[in-house]
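Residues per chain are reported as follows:
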Amino acid sequence: MSKMKTMEDFLMDELKDIYSSEDQLITALPKIAKAAASADLIQAFENHVKETECKVERLNKISKLAGNRELTGRICLAMEGLIKEGSQIAEENCTPEVRDVALIAFAQKVEHHEIAAYGCAKTYARLLGYTEVEELLQESEKEEITSDKRLVALAKATNANAMETREASV
């Protein structure tokens, strides 16, 4: 974290953290998606990359609204750890069905991190009276919540498929 004397400093630090998270995901998700077996899961990862690119554009708008403040220069350690976990899952020696279950769990952890990050930043923007910034952050938060709901639906089918495979092998 950088030096934070005010809530505005804290908000900018949080925005840098979010920017780093999204930037890391754009690079990592295509690699992790290659480990998925389910066409639906692969599509979910591909869609998330496109959505993430839109969120980065939205963060760049926020940067302009905040006086062209730079959002780079910080590494989100939480996302870095989540991506390492996802990469380990991708390399795990297991059945494709179990790997897909684990990849969905990874993706949901990512979504929950992002939901929390956008929700907190949105609240700070509201407290500071940055209405336009708040609205842009809320848009991203809603997209993350929608992505999580899609993953929950995908998990139900994938989990059932993995259990059927298990029962067939017992």
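A brief structural summary. The model shown is predicted, which means the values in this text are computed figures rather than measured ones.

A short note on the packing of helix H1 (residues 7–33) against helix H4 (residues 96–128)
Where H1 contacts H4, the axes come no closer than 10 Å and their chain directions differ by 155°. As judged from the angle between their axes, H1 and H4 are roughly antiparallel. For the crossing formed where H1 meets H4, the hand is left-handed. Across the interface between the two elements, Met7, Glu8, Phe10, Leu11, Glu14, Leu15, Ile18, Ser21, Glu22, Leu25, Leu29 and Ile32 of H1 pack against Leu103, Phe106, Val110, His113, Glu114, Ala117, Tyr118, Ala121, Tyr124, Ala125, Leu127 and Leu128 of H4.

Focus on the state of the cysteines
By definition, a disulfide links two cysteine residues through a covalent bond between their sulfur atoms. The full count for this structure, using the stated rule, is zero disulfides. This cysteine, Cys76, is not joined by any disulfide, and Cys120 carries the nearest cysteine sulfur, 12 Å off.

Some remarks on the nonpolar core
Ranked by size, the top nonpolar core spans 23 residues in total, and within it Leu41, Phe45, Met79, Leu103 and Phe106 carry the most contacts. Taken together, the elements giving at least two residues each to this core come down to H1, helix H2 (39–65), helix H3 (77–91), H4 and helix H5 (131–169). Residues in contact with Leu41, not counting those within four places in the same chain, are Ala36, Asp100, Leu103, Ile104 and Leu154.

Here we look at the side chain of Ser20
Residue placement: Ser20 occurs in helix H1. Judged by relative accessible area, Ser20 falls into the buried class, the value being 7%. Each residue touching Ser20, except ones within four places of it in the same chain, is listed here: Arg74, Ile75 and Cys76.

A look at the packing of H1 against H2
Between H1 and H2, whose axes approach to 9 Å, the crossing angle comes to 155°. For the element pair H1 / H2, the angle class is roughly antiparallel. The hand of the H1/H2 crossing is left-handed. Touching Leu15, Ile18, Tyr19, Glu22, Leu25, Ile26, Leu29, Pro30, Ile32 and Ala33 of H1 are Ile42, Phe45, His48, Val49, Thr52, Glu53, Lys55, Val56, Leu59, Asn60 and Ile62, all from H2.

Some thoughts on the environment of Gln108
Among the secondary structure elements, Gln108 is positioned in helix H4. Each C-alpha atom, one on Gln108 and one on Ala44, is 12 Å from the other, the two residues being 64 residues apart in sequence. Beyond its immediate stretch of four places on either side in the chain, Gln108 contacts Asp148, Leu151, Val152 and Ala155.

Considering the pattern of salt bridges
The full count for this structure, using the stated rule, is 11 salt bridges. Between Glu51 and Arg150 there is a salt bridge, with the nearest N and O atoms lying 2.8 Å from each other. Taken together, the residues span a long stretch of sequence, with Glu51 in helix H2 and Arg150 in helix H5 at a distance of 99 residues. By relative accessible area, which is 46% here, Arg150 ends up partly exposed. One salt bridge in this structure joins Glu139 and Arg58, with 3.1 Å as the shortest N-O distance. In this pair, Glu139 is assigned in helix H5 and Arg58 in helix H2, connecting sequence segments 81 residues apart. Residue classification places Glu139 among the partly exposed residues on the basis of a relative accessible area of 39%. Judged by its relative accessible area of 9%, Arg58 is buried.

Rules used throughout
Residues numbered from 1 in each chain as written. Predicted model: local features only at pLDDT ≥ 70, side-chain atom pairs only at ≥ 80, totals over all residues. Heavy atoms only, no water. Axes fitted to C-alpha atoms, helices over the stretch in contact; angles between N-to-C directions. Helix = DSSP H or I, 4+ residues; strand = E, 2+ residues; numbered from the N terminus. Parallel < 35°, antiparallel > 145°, perpendicular 65-115°, else oblique. Left-handed = near helix turned anticlockwise from the far one by under 90°. Contact = heavy atoms within 4.5 Å. Disulfide = S-S within 2.5 Å. Core = buried A, V, L, I, M, F, W, Y, C linked by side-chain atoms within 4.5 Å. Buried < 20%, exposed > 50% of the residue type's maximum accessible area, 1.4 Å probe, protein only. Salt bridge = Lys/Arg side-chain N within 4 Å of Asp/Glu carboxyl O.

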